[in-house]
Amino acid sequence: MVQQSQSQLVNAIMQRVGIILLGPPGAGKGTQARRMAACYNFARISTGDMLREAVNNGSALGKKAQSCIEAGDLVPDELVDAIVKSRLARKDCRRGFILDGYPRTIHQAEYLEKLFEHKDVDFLAIGIRVSDNLLMERLAGRWTCARCGKIFNAASNPSRDADRCDECNTVLVHRKDDSDKVVAERLHVYHEATEPLIQYYKNRGCYHEVVGERRLDEVYDNLKEIVDGRIQAREAANC
Ligand code: ADP
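S.K.: I'd love a proper account of the state of the cysteines, names of residues and values included.
M.R.: If you walk through the whole model with that rule in mind, you get 0 disulfides. In this structure C39 is a free cysteine whose sulfur lies 17 Å from that of C93, the closest cysteine sulfur available. The class of C39 is partly exposed, set by a relative accessible area of 37%. Cysteine C145 remains unbridged, with the sulfur of C168 as its closest cysteine sulfur at 3.4 Å. Relative accessible area serves as the criterion here: at 4%, C145 is assigned to the buried category.

Okay, here's the thing in structure tokens:
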């Protein structure tokens, strides 16, 4: 067995886990990312939420992003890279983080890789697979809390009170970009620009996959098995 040098060992111990959730719109990334972030006490970084907040605040970023979001297109890489970079520098990412909706292009993945040069982050990419037909169905029934962003689904995960959030009692809204026409474009963009990331992370030996067509709890258990397995393997290697 090859002996680890002291500095390699220190690096491995100091490494935090960076989970990249990959999957098409409606795969369940947002719902699962929230749950996993709470379980591991990792920061949840959702580029979609950050961009929507910028749009709602009418900031310069929001003004640039709004038309892309409403058309179902991607926001330019350099804008998203910049918000992710500053978000990742925040203290709450020190234990680990979950990226929901980033990277979405090969360029973004390369940017993320350069940002850390894989020094202090152990990246784990997990794809959530769901067929396009089911995604269309899910997005048509998706309701989001206008305040805290919690996601509900009329069929699979309804809120207790028909049109209010279980967490903060705020009115639920149907996202503008969840209309049929925009969803079709988002799925097209996913297949073109984001799906190649599966091979990208396979090439780096850190890609895993779960079937997203099961019940939310089952998908969550599968995701947790993968993350727990990785954490345990690291701990064993550091003993
Ligand atoms: P979903 O995963 O359901 O498509 P998100 O909330 O993650 O929804 O993203 C909503 C929109 O925000 C996207 O359709 C896109 O316009 C923009 N967006 C989010 N993340 C990125 C990203 N990494 N790169 C470019 N645009 C993004």
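From this point on, the discussion continues.
S.K.: Let's hear about helix α8 (residues 180-194): which residues, and what values?
M.R.: For an α-helix, the turn length of 3.6 residues means that residues three or four places apart are oriented alike. Given a rise of 1.5 Å per residue, 15 residues ought to cover 21 Å, and the 20 Å separating the end C-alpha atoms of α8 matches this to within 8%. For α8, the set of buried residues is V182, V183, R186, L187, V189, Y190 and T194. Axial view of α8: buried residues confined to an arc of 165°, hence all on one face. Structural note: α8 exposes D180, K181 and E192 on the side pointing more than 90 degrees away from its buried face. Looking at the buried positions of α8, the neighbouring elements they touch are α4 (60-71), α7 (132-140), β5 (142-145) and α9 (196-203).

S.K.: So, the pattern of salt bridges: which residues are in play, and what are the values?
M.R.: One pass over the structure, following the stated rule, counts 19 salt bridges. The residue E113 makes a salt bridge to R204 at a minimum N-O spacing of 2.9 Å. Linking E113 in helix α6 (residues 106-116) with R204 in the loop between α9 and β8 (207-211), this pair joins segments that are 91 residues apart in sequence. Overall, the relative accessible area of 22% leaves E113 in the partly exposed class. Residue R160 pairs with D166 through a salt bridge whose shortest N-O separation is 3.8 Å. The class of D166 is partly exposed, set by a relative accessible area of 26%. A single network of salt bridges, built from pairs that share partners, joins R34, R44, D49, R52 and D100.

Each value, and the rule that gives it
Residues numbered from 1 in each chain as written. Predicted model: local features only at pLDDT ≥ 70, side-chain atom pairs only at ≥ 80, totals over all residues. Heavy atoms only, no water. Disulfide = S-S within 2.5 Å. Buried < 20%, exposed > 50% of the residue type's maximum accessible area, 1.4 Å probe, protein only. Helix = DSSP H or I, 4+ residues; strand = E, 2+ residues; numbered from the N terminus. Expected span 1.5 Å × (residues − 1). Arc of directions from axis to C-beta. Contact = heavy atoms within 4.5 Å. Salt bridge = Lys/Arg side-chain N within 4 Å of Asp/Glu carboxyl O.

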